[in-house]
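Spelled out, the chains give:
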Amino acid sequence: MGFIWFWLVAVMIVGYVVLDGFDLGVGVLHLLLPRSEQERRSILASIGPVWDGNEVWLLAGGGTLYFAFPLLYASAFSGFYLPLMIVLWLLVLRGVCLELRNHIELGMWKGLLDSLFGLSSALLTIFFGAALANVLRGVPLQADGYFFLPLWTNWKPGIHPGILDWYTVIGGLVALVALTLHGALWLTIKASGALAERARRLVSPLWAALVALTLASLAATIVVRPASLGNYFQYPLTFIVPVGVVASLAAIWLLNRGAQPLKAFLCSCLYLFFMLAGACWGLYPTLLPATTGADRDITLLRAISGPHTLAVGLVWWAFGMALAVAYVVFVYSKFRGKVDLPGSAH
Amino acid sequence: MTAELIHRLHFAFTITFHYLFPQLTMGLGLLIVVLKSVALRTGNEQWDRAARFWGRIFGINFVFGVVTGIPMEFEFGTNWARFSQVSGGVIGQPLAMEGVFSFFLESAFLGLFLYGEKRLSRLMHWFSAVMVFVGSWISGFFIIVTDAWMQHPVAYDRLPNGQFEVLSFWQLLLNPWGLLQYAHNMTGAVVTGAFVMSAVGAFYLLEGRLKDYGRIFLNVGVTAGVISSILIIFPTGDLHGKYVARYQPAAIAGMEGLFKTEEGAGMVLIGQPNEETGLIDNPIVVNDALSFLIYGTTRAEVKGLDQIPRDQWPTALPLLYYAYHIMAGLGTWFALLMIASAFLLWRKQLYTARWALWALLLSFPLPYIANTAGWMTAELGRQPWLIYGLMRTSEGYSNTVSASNGLFTLLGFMGLYALLGILFTVLIYREISSGPEPVAAETQVVHAD
């Protein structure tokens, strides 16, 4: 049961990253790509009908984590208090900028809001990447399973690290570049004309940076937490995951050059899936490693809810998520194709 | 300031601000379905436009509700970690179900409703409105289930590690406390929706523009308003109050300011509870009324605070008392105003009765205050318990998060939400002042800003 719920939570996280990931990436690109108001509006319209639905994955994932692994939820959320609150503020800021942009003619405020929207999107990707890196690196858990991390200490991963150190910064950069690339691929599907072409040309430099950062992050993870290779050596077949990372990266390059935007985007989804699945498998069955000694790790067995809770949960979760996936498919099929702006020629 | 107080204020502030938005979307969701249904049945384009206008208002509220709602789920973990650790197996369940069953539904169909009218058939667009309504009401249900378990824990067991576990999933969902609270709360949301719609209708008529829409909004708003403002008192409020009296005597005594146990207890209309003397200062009291309301007989004994150990008194007694009195007082005003307006509407005099239009316009903030006060009554009445009778509030907050860190983020939220409040007001004001697209027959000029 613990095994199942571990992977269900992982699925929710992957769902969030893959879906809201392109919203965030599009947000970052909103700073760089567009050359006219029309193009800015196209970029925003490409995520307009779906972004808040995508953000729901974060809420549903959080809720699933809460009831399946209450100790982990309690410990991690209170321990990562400050960065989480900053993430919340950024989410608020980003959502509101988007909403304001959609609703009123802004005049002089437009540029400011566009910058805030792009900046909050970029910071969110960095925070999410750093958050994952924090979990992989481990935190200074006390005997009771709790901890509290400052934002930074001496920038080195050690027994008492901060949220930000050189390792988690790499994680943040991987996320920034990966999701920006993800967003660029999304725009090559949804946008048209010069905008789509510019998005497509941006893919190459982003891709090169992502390859370098991915390799750096894999190497750094092995240095910071050698134990993360344990599962792979025990079950060598699972080396398919890092192979998948490399293969999906290569496929993104080839498909983008071959002007197959949808397939390239799907390969970017696969890349994100393999990266996250690889991280989860490197941890399993630990949920949150302790820098203060492996006996303090929050493990699956220690954090899991009661058996009856989980059994009942499985029934409604499967039912509810089947419905949710159906809605998602329905909405994306209704909004498929290039964005059409009200007032634009068609 | 203690860490406990900071964490309580943190949650109280953010949830109070958050609930300003869902109470309107839940109420408005129902009213938009009414507008769309009339449009679908009659084929009258004007009702479609009216629905589109309220859809825009709904959309703004929805986004503000989402962005202020995400922090709420997080705060269970960030600020109330010890509580989450033991209760996650129970209340994590409805909270996760809210995400899985409601948010996906609501956001998917809201996207279709707001952006997809051109891509959908009329029937599908109507169906999207219905699903948005259903989604928002399911969402409310799971939140009430969560709160109801904290108010009145049922169907649980305690594991050896101290965690609570659900024994019966259906008993958790169908907690009688929750069902009563749900009925009362959702009626409250409809009151808000109805007052807001009526106020906008009254505004257009008083301004003398967009009159056709003004009349539609008044018809729908006042009709929904008179039904909901009666239902909010009887039976939902009445039954919920009796249930509270049965299971949380300390809360009822605090709400009513009843320091001494009495047979034939009176109901204080106005007065200030004095915890030092155990009396109500400057009281205006209706004799025997409280006994009658709770037990249906004027001589029944109502338990006062004197029979409750001091360490189980609600911790913010005067605030509890005022919150309850504000809710009940405003509820009375809602019923009176809506009955009068409905009477005028029936006599076809409402559109020109300027005093009634002004009263409706000026009353729109009051349901927000009443709903907030109602929630304060429920949550302050639960104190000093976090899970009633099982876990004290002082045992539940995150003790790794210091008072100073808590204050830092509370101040951050206050600043951010002040900004949000201003932006929201500007957005809504602009939507209302530009109004629905004018009907072709109406030769009015919409204000160009």
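Here the structure is shown first, and the text comes after it.
Residues numbered from 1 in each chain as written. Chains lettered and ligands numbered in written order. Predicted model: local features only at pLDDT ≥ 70, side-chain atom pairs only at ≥ 80, totals over all residues.

On to the overall build of chain A, then. Along the backbone of chain A there are 13 helices and two strands. For chain A, whose C-alpha radius of gyration is 20 Å, the value lies close to the compact-globule estimate of 20 Å for 346 residues. Once the C-alpha set of chain A is aligned to its principal axes, its extents read approximately 65 × 40 × 40 Å. Evaluated residue by residue, chain A yields a buried proportion of 55% over its 346 residues. At a minimum sequence separation of 6, the contacts of chain A that also span at least 24 residues come to 75%. (Helix = DSSP H or I, 4+ residues; strand = E, 2+ residues; numbered from the N terminus. Rg over C-alpha atoms; globule rule 2.2 N^0.38 Å. Buried ≥ 20, exposed ≤ 12 C-beta atoms within 10 Å, placed from the backbone. Contact = placed C-beta atoms within 7 Å.)

Moving on, we come to unusual backbone geometry. Following A:Tyr284, the chain continues to A:Pro285 via a peptide bond in cis, the omega torsion being 0 degrees. When you line up the elements, A:Pro285 lands in the loop between helix 11 (261-283) and strand 1 (286-288). Across the junction of B:Phe234 and B:Pro235, the peptide omega takes the value 5 degrees, indicating a cis bond. Here B:Pro235 shows up in helix 8 (residues 211-247). The phi dihedral of B:Leu210 falls on the positive side, at around 50 degrees, and the residue is not glycine. Residue placement: B:Leu210 occurs in the loop between helix 7 (176-207) and helix 8. Its identity as a non-glycine residue notwithstanding, B:Asn282 has a phi of 50 degrees, on the positive side. Tracing the chain through its elements places B:Asn282 in strand 5 (residues 279-286). In this structure B:Asn282 comes out as exposed when scored by C-beta crowding, with 8 C-beta atoms within 10 Å.

Residue and element names in this part refer to chain B. Examined against the element boundaries, Glu379 turns out to sit in helix 13 (residues 365-382). By the C-beta count within 10 Å, which is 22 here, Glu379 ends up buried. Linking Glu379 and Asp147, residues 232 residues apart in sequence, is a C-alpha distance of 8.8 Å.

Attention now goes to the interface of chain B and chain A. Counting from both sides, the interface comprises 54 residues of chain B and, opposite them, 55 residues of chain A. When contributions to the side of chain B that touches chain A are tallied by element, the ones reaching two or more residues are helix 3 (45-78), helix 4 (81-115), strand 2 (164-166) and helix 14 (403-434) of chain B. Ranked by residues supplied to the side of chain B that touches chain A, first place goes to helix 4 of chain B with 23 residues. Residues of the side of chain B that touches chain A, tallied by class, amount to 29 nonpolar, 19 polar and six charged. (Nonpolar A, V, L, I, M, F, W, Y, C, P; charged D, E, K, R; others polar.)

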